[in-house]
Amino acid sequence: MFLRRFAVATSALVLGVGLAACSSGSDENTLSISASSTPHVEILEHIVDSGALGDYSLDIHEVTGEIDPNDLLQAGDVEANFFQHRPYLDDWQVQNGVDDLVAVAEVHLEPMGLYSNKVTSLDELQDGDTIAIPRDTTNFARALYLLESAGLITMDVPFADANLSVVTESNIVDNPKNLAIVGIERPQLARQLDDPQITAAVINSNYALEAGLTPSDDAIVSESVENNPFSNLLVVKEENVDDPKVVALKDALESPETAAWIDRTYSGSVVPVHPAN
């Protein structure tokens, strides 16, 4: 059993050509998978190191920047991906007119949090301060509901009833501090903490970890993990759901051993969906 790891940068050349040299299907015992670096690649590497895949191995394509791993999966450059939650997957398929990407495992939650280098509490936010949040549709909505849970804004639709693919700023019915909300690409949000024009930013935990933040300690406020629909998924094309390599990885990702490792490694900044025991 072995692991091959490639970094995929954001360029048309890499998307269209660069994976051809290491495309899926070269080894029937090797599953090619794209994943974001933290914590996804780290979890996959742990599984390989633990021997949980038996005779199977992983060919990991670490995606950086703005390339969407669903594009790689749909194009057949990889056989699986591990980076997204279900609302994102559902919205992506609607936006791209496809319906054959299937979630086969729910692995962990990365609670979204509000971070700042300028204030240390919600009370310190001033009238007219600017909050940066993820630009993509479902995480934009998710961030708005985090701000509502913190008492900063009020939405016109309860989170439990909301269609996250259509929620926008127009759904804000009360904003007592007149906060300015600006959408920015997810990988760039942590950098905005040093921008003098940005008071705080809502950041997904994987990007917070990559930036050296500790979500469980550094977030001013974080999402609740209870009844949270944003668990991260192992996704494949429908035709590969029963592939033995996929089944082996699914079982390993959802195992108590992996859950215990996530608990030990991330100390609450990443939360396993399935309990360790």
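Up top is the structure.
Source: prediction; values computed, not measured.

Which parts of the structure should I look at to understand unusual backbone geometry?
Working note: non-glycine residues mostly have negative phi, and peptide bonds are mostly trans. Between Thr38 and the following residue, Pro39, the backbone shows a cis peptide bond with an omega angle of 0°. Residue placement: Pro39 occurs in helix α2 (residues 37-50). Residues other than glycine seldom take positive phi values, yet Asn227 does so here, at roughly 50°. Looking at the element boundaries, Asn227 is found in the loop between β12 (221-222) and β13 (232-237).

Is there a simple way to explain the packing of α2 against helix α8 (residues 244-253) in this structure?
Packed helices, taken two at a time, are described by their axes: the angle between them and the distance between them. At a minimum axis separation of 11 Å, α2 and α8 run at an interaxial angle of 105°. Relative to α8, the element α2 is oriented roughly perpendicular. Residues Ile43, Leu44 and Ile47 of α2 form the contact with α8, whose participating residues are Leu249, Ala252 and Leu253. A class-by-class count of the residues in the contact of α2 with α8 yields six nonpolar, no polar and no charged.

Would you explain the packing of aromatic side chains in this entry?
Each aromatic ring pair is specified by the distance between its two centres and by the angle formed by the two planes. What the rule picks out here adds up to four aromatic pairs. Geometrically, the ring pair formed by Phe83 and Tyr88 is edge-to-face, given 5.8 Å between the ring centres and 80° between the ring planes. Residue classification places Phe83 among the buried positions, given a relative accessible area of 13%. Ring centres of Phe159 and Phe230 lie 6.1 Å apart, and the angle between their planes is 45°; on these two criteria the pair is classed as tilted. One end of the pair, Phe159, is in the loop between β8 (154-155) and β9 (172-174); the other, Phe230, is in the loop between β12 and β13, and 71 residues separate them in sequence. An aromatic cluster of at least three residues, connected via ring pairs, comprises Tyr145, Phe159 and Phe230.

What counts and what doesn't
- Residues numbered from 1 in each chain as written.
- Predicted model: local features only at pLDDT ≥ 70, side-chain atom pairs only at ≥ 80, totals over all residues.
- Heavy atoms only, no water.
- Helix = DSSP H or I, 4+ residues; strand = E, 2+ residues; numbered from the N terminus.
- Axes fitted to C-alpha atoms, helices over the stretch in contact; angles between N-to-C directions.
- Parallel < 35°, antiparallel > 145°, perpendicular 65-115°, else oblique.
- Contact = heavy atoms within 4.5 Å.
- Nonpolar A, V, L, I, M, F, W, Y, C, P; charged D, E, K, R; others polar.
- Phe/Tyr/Trp six-rings, centres within 6.5 Å; stacked < 30°, edge-to-face > 60°.
- Buried < 20%, exposed > 50% of the residue type's maximum accessible area, 1.4 Å probe, protein only.

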